[in-house]
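For reference, the chains in residue letters:
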Amino acid sequence: MDEHRRNCIETEGKTVGDAVGNALKRLGVEEDDVEIEVLDEGSRGVFSILGSRQARVRVRLKIGLGPSSEPAELVRELLSAMGFSAEVESKDVQDATEITIGSTGADGLLIGKRGETLECFQHVVSKMLNRNASSWRHVIVDVGGYRKRREGQLMKLASSLAERASSTGQEVSTDPLKASERRIIHLALKDHPGVRSFAVGEGLVKRVVIGPKDTGRS
Amino acid sequence: MKELIEYIAKRLVDKPEEVVVREITGERTTIFELKVAQEDLGKIIGKHGRTARSIRTLLSAAATKMGKRAVLEILE
């Protein structure tokens with residue numbers, strides 16, 4: 001119970017700013033380390049005496065967070081909690097945050113079958129970074145250049161399937177792919193003169209079918 | 001691994017002080033019971049259980065790295 005109390009305190013002050021300042025002093029942290037809830041904005045009162053009320057705030061420590069929830073730092077901490085260690089870099093590109101993890105020495109484990117574990121890692125990181133955010137940021141996590149490699153593979157796959165479709169006149173299909181992966185195939189074949197690509201399947205398990213352009217299917 | 005679950009859970013919920021993880025060590029498999037505030041349950045489970053599944057996958061990866069097996073149970 002004591003621990004709970006240390007994570008969350010209520011303080012008073014002349015203004016909200018003062019109250020927050022008092023809380024930060026008591027907790028010994030910076031403003032970035034806490035979440036602030038204003039309980040009472042206080043009031044100066046009529047002649048600064050009559051009816052004046054202290055401002056009250058509740059300040060909650062973002063538990064375990066270091067100086068900030070900077071993306072690279074968060075991913076480093078998450079990796080180390082999982083028993084991995086690696087270089088981590090992050091950069092913002094338009095409305096997305098790209099996080100690049102160097103080689104961990106056990107990349108396969110972190111990537112998982114068909115990138116499944118990496119997808120889960122990315123989902124959790126995205127949820128953590130977007131918590132309480134006013135606008136949603138897209139988060140992309142890559143490990144040891146996996147996504148780049150996979151993109152190359154998929155583009156190769158697209159052109160070999162396209163070749164097969166146009167030489168045999170038959171439709172060919174990929175294995176089930178994630179939306180981001182299907183997009184790579186569609187884009188690779190967008191301007192192909194002989195074939196067209198479309199998705200087949202329900203929900204999250206869809207395949208890309210590549211067929212000759214003149215099959216007349218809609 | 002307990003730290004991993006705590007780390008993730010506390011950063012997903014609104015009430016991190018109510019996150020409790022209990023570790024039940026078995027012969028081969030360790031079970032982790034995660035308890036969060038009632039109103040935070042949805043944040044841990046996610047749309048179509050996606051967040052819960054993701055946490056379980058990360059736990060498995062961490063366990064495998066240590067040559068162990070781990071199961072996460074989310075208490076309601």
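1. Examining the overall build of chain B
Within chain B, the secondary structure is distributed over 3 helices and 3 strands. For chain B, the α and β elements follow one another from N to C terminus as α-β-β-α-α-β. What you see for chain B is a C-alpha radius of gyration of 12 Å, in line with the 11 Å of a compact globule of 76 residues. Within chain B, the fraction of its 76 residues that count as buried is 46%.

2. Topic: the interface of chain B and chain A
Counting residues at the interface gives 21 residues for chain B and 24 residues for chain A. A buried area of about 2300 Å², summed over both sides, lies between chain B and chain A, and 65% of it is on carbon and sulfur atoms. The largest share of the area that chain B buries against chain A comes from Tyr7(B), Arg11(B) and Glu17(B), three residues that together contribute 29% of it. Our count for the contact surface shared by chain B and chain A stands at 2 salt bridges. Residues Glu77(A) and Arg11(B) are paired through a salt bridge, measuring 3.9 Å at the closest nitrogen-oxygen approach. Remark: the boundary between chain B and chain A carries 8 residue pairs in polar contact (both at pLDDT 80 or more). Mapped onto the side of chain B that touches chain A, the elements with two or more residues apiece are α1 (2-12) and α3 (50-65) of chain B.

3. Observations regarding a positive patch on the surface
A surface patch of like charges, here positive, comprises Lys127(A), Lys47(B), Arg50(B) and Arg53(B). The topology assignment puts Arg53(B) in helix α3.

4. Structural notes on unusual backbone geometry
Negative phi characterises most residues that are not glycine, and trans characterises most peptide bonds. A positive phi is found at Gln94(A), a non-glycine position, where the angle reads about 50°. Within the element layout of this structure, Gln94(A) appears in the loop between β4 (88-93) and β5 (96-101). Even without being glycine, His48(B) reaches a positive phi, approximately 55°. Residue placement: His48(B) occurs in the loop between α2 (41-45) and α3.

5. Considerations on the sheet that holds strand β8 (residues 195-202) of chain A
Residues and elements named next belong to chain A. Across the sheet, which stays open at both edges, the 3 strands sit in the order β7-β9-β8 with antiparallel pairing between neighbours. Of all the strands in the sheet, the pair left with one neighbour each is β7 (172-173) and β8. Where β7 meets strand β9 (residues 205-212), 2 bridges bridge the pair, whose relative direction is antiparallel. Bridge assignment links Ser173 to a residue of β9, and that residue is Val209. Of the strands in this sheet, β7, β8 and β9 are in contact with helix α6 (residues 146-168), which crosses β9 at around 45°. Lying over the sheet, helix α7 (residues 179-189) contacts β8 and β9, oriented at roughly 15° with respect to β9.

What counts, and at which threshold
- Residues numbered from 1 in each chain as written.
- Chains lettered and ligands numbered in written order.
- Predicted model: local features only at pLDDT ≥ 70, side-chain atom pairs only at ≥ 80, totals over all residues.
- Heavy atoms only, no water.
- Helix = DSSP H or I, 4+ residues; strand = E, 2+ residues; numbered from the N terminus.
- Rg over C-alpha atoms; globule rule 2.2 N^0.38 Å.
- Buried < 20%, exposed > 50% of the residue type's maximum accessible area, 1.4 Å probe, protein only.
- Contact = heavy atoms within 4.5 Å.
- Buried area = accessible area lost by both parts, 1.4 Å probe.
- Salt bridge = Lys/Arg side-chain N within 4 Å of Asp/Glu carboxyl O.
- Polar contact = N/O pair within 3.5 Å; in protein donor to acceptor, adjacent residues only side chain to side chain.
- Patch = residues over 30% accessible without salt bridge, like charges linked within 9 Å, V, L, I, M, F, W, Y side chains within 5 Å.
- Areas by Shrake-Rupley, 256 points an atom, 1.4 Å probe, with all protein chains shown as cover.
- Lys, Arg positive; Asp, Glu negative; His and termini not counted.
- Charge placed at Lys NZ, Arg CZ, Asp CG, Glu CD.
- Pairing = 2+ DSSP bridges.
- Axes fitted to C-alpha atoms, helices over the stretch in contact; angles between N-to-C directions.

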